[in-house]
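Spelled out, the chains give:
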Amino acid sequence: MFEIHNRVLREGDGTSTPLILANAYPVDGRMWERCAERIAALADEAGLPDFAIWAPDMPGSGFSPAPSDAQSGRRAPNGSYPDALDRMVESYVAMLREAGYDKAVWVGLSMGGYLVTDLYRLHPEAVAGVALCDTMASSDGVGGEARLETSDACESTDSVQPVMHFAQAGPNDSTVKHSQEFIDRMTAWIEEQNPAGLAWRQRMTYGRPELAGVPESMDVPVAVVSGELDPTSNPSVMGPLAERIGGNATFTAIPDCGHFSAVEHPNTVAAALVDLMRRVD
């Protein structure tokens, strides 16, 4: 099993189904803190049970160390890890069960969405609900070579500089991403990451199994969330995904929002997740 540092953002009553938030690349569970505060407040206002809220650091991020080669399973000739995502799923499910829970509502943003999708594929019995935020199910194919280049760069320089562009805003990015507050916060989070962990997460993601079709099989309440300015997972991608999932899915498109929707617009994402918890409850 992989070692996972669990950030418990709300303890909960110990009996209600917990909400587990899986983080994006290249940051850690802290990205969910503001959103989680709003989730708790809105849930209380709605009279929902006092459910736990967790934001574990994905292996290789924050306080969760990067798994070793031996822990990660097979290593492909190109350096990717074909078994690592499945092993990460088993580690998250073990964490859930060790805490005394059988099911959770699982939320994944970007890379976290790969984890949540694969978790449903392998352990649907552990899933009470799902939120897919700015993510996709299909594998990268040849376009994923940039992930391996990033891994090599992080390792060869032993630095976070190869991913620092995530904290920088381009001309088509959201108002929030252009703000100095966002830039400073993302910069600080990235600077505190372990270069080996950044490399591992990209090798894990490149090696992930093909997950296309898994969301459509989700027989639980689902929330699909997308920033309208997300360059890869915008409403033109996420809207049709919600339609394919069917009547158990809701879709939230967020104007003036890029890829890090839970960081850029935590209140809007929180409202979508509280609605999901209401439907699960």
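Residues numbered from 1 in each chain as written. Predicted model: local features only at pLDDT ≥ 70, side-chain atom pairs only at ≥ 80, totals over all residues. Heavy atoms only, no water.

Enquirer: If you had to explain the sheet that holds strand 3 (residues 53-54) to someone new, which residues and values would you point to?
Expert: Read across the sheet, seven strands follow the order 1-3-2-4-5-6-7 without closing on themselves; strand pairing throughout is mixed. In this open sheet, the two edge strands, each paired with only one partner strand, are strand 1 (8-10) and strand 7 (249-254). Relative to strand 7, strand 6 (residues 222-227) runs parallel, the two being bridged by six bridges. Following the sheet pairing, Gly227 is matched in strand 7 by Ile254. Strands in contact with helix 1 (residues 33-45) are strand 1, strand 2 (19-22) and strand 3; relative to strand 1, the strand with the most contacts, it is inclined by about 30°. (Pairing = 2+ DSSP bridges. Helix = DSSP H or I, 4+ residues; strand = E, 2+ residues; numbered from the N terminus. Contact = heavy atoms within 4.5 Å. Axes fitted to C-alpha atoms, helices over the stretch in contact; angles between N-to-C directions.)

Enquirer: Break down the packing of aromatic side chains for me, with residues and values.
Expert: Tallying each qualifying case throughout the model produces six aromatic pairs. Their ring planes at 70° and their centres at 5.9 Å tell us that Trp54 and Tyr101 sit as a pair that is edge-to-face. Here Trp54, found in strand 3, pairs with Tyr101, found in the loop between helix 3 (84-98) and strand 4 (104-109); they are 47 residues apart in sequence, far enough to count as distant. Across this residue pair, the class does not change: Trp54 and Tyr101 are buried. Among the aromatic residues, those joined into a cluster by ring pairs are Phe2, Tyr81 and Trp200. For the cation-ring pair, Arg10 lies above Phe51, with the distance from its terminal atom to the ring centre recorded as 4.6 Å. Directly above the ring of Tyr114 sits Arg208, whose terminal nitrogen or CZ lies 4.0 Å from the centroid. (Phe/Tyr/Trp six-rings, centres within 6.5 Å; stacked < 30°, edge-to-face > 60°. Buried < 20%, exposed > 50% of the residue type's maximum accessible area, 1.4 Å probe, protein only. Lys NZ or Arg CZ within 6 Å of the ring centre and 35° of its normal.)

Enquirer: Report on the pattern of salt bridges, specifying residues and quantitative values.
Expert: Under the definition given, this model contains 19 salt bridges. Between Glu192 and Arg30 there is a salt bridge, with its nearest N and O atoms 2.6 Å apart. Taken together, the positions of Glu192 in the loop between helix 7 (180-191) and helix 8 (195-206) and Arg30 in the loop between strand 2 and helix 1 put the pair 162 residues apart, joining distant regions of the chain. Taking the relative accessible area as the measure of exposure, Glu192 reaches 52% and is therefore exposed. (Salt bridge = Lys/Arg side-chain N within 4 Å of Asp/Glu carboxyl O.)

Enquirer: Explain the state of the cysteines to me, and be specific about the residues and the numbers.
Expert: Two cysteines whose sulfur atoms are joined by a covalent bond form what is called a disulfide. Inspection of the entire model under this criterion finds zero disulfides. Considering cysteine sulfurs only, Cys35 is the nearest to Cys133, which forms no disulfide, with 7.9 Å between them. (Disulfide = S-S within 2.5 Å.)

Enquirer: An account of the side chain of Lys177 is requested, with residue identities and associated values reported.
Expert: By the secondary structure assignment, Lys177 is in helix 6 (residues 175-178). Beyond its immediate stretch of four places on either side in the chain, Lys177 contacts Phe166, Gln168, Ala169, Phe182 and Ile183.

Enquirer: So, the pairing of strand 2: which residues are in play, and what are the values?
Expert: Residues Leu19 and Leu21 of strand 2 are buried on one face, and the alternating residues Ile20 and Ala22, pointing to the opposite face, are buried as well. Across two bridges, the pairing between strand 2 and strand 3 is parallel. Bridge pairing in strand 3 links Leu19 to Ile53. Following the chain from strand 2 across helix 1 to the adjacent parallel strand 3, one finds a crossover that is right-handed. Here strand 2 pairs with strand 4 via four bridges, running parallel. Looking across to strand 4, one finds that Leu19 is bridged to Val105. (Right-handed = clockwise from strand over helix to strand, strands pointing away.)

Enquirer: Any chance you could break down the environment of Cys154 for me, citing the residues and the numbers?
Expert: In this structure, Cys154 sits in helix 5 (residues 145-157). Spatially, the C-alpha atoms of Cys154 and Pro235 are 32 Å apart, while their sequence positions differ by 81 residues. Beyond its immediate stretch of four places on either side in the chain, Cys154 contacts Ser159, Pro162, Val163, Pro195, Leu198 and Ala199.

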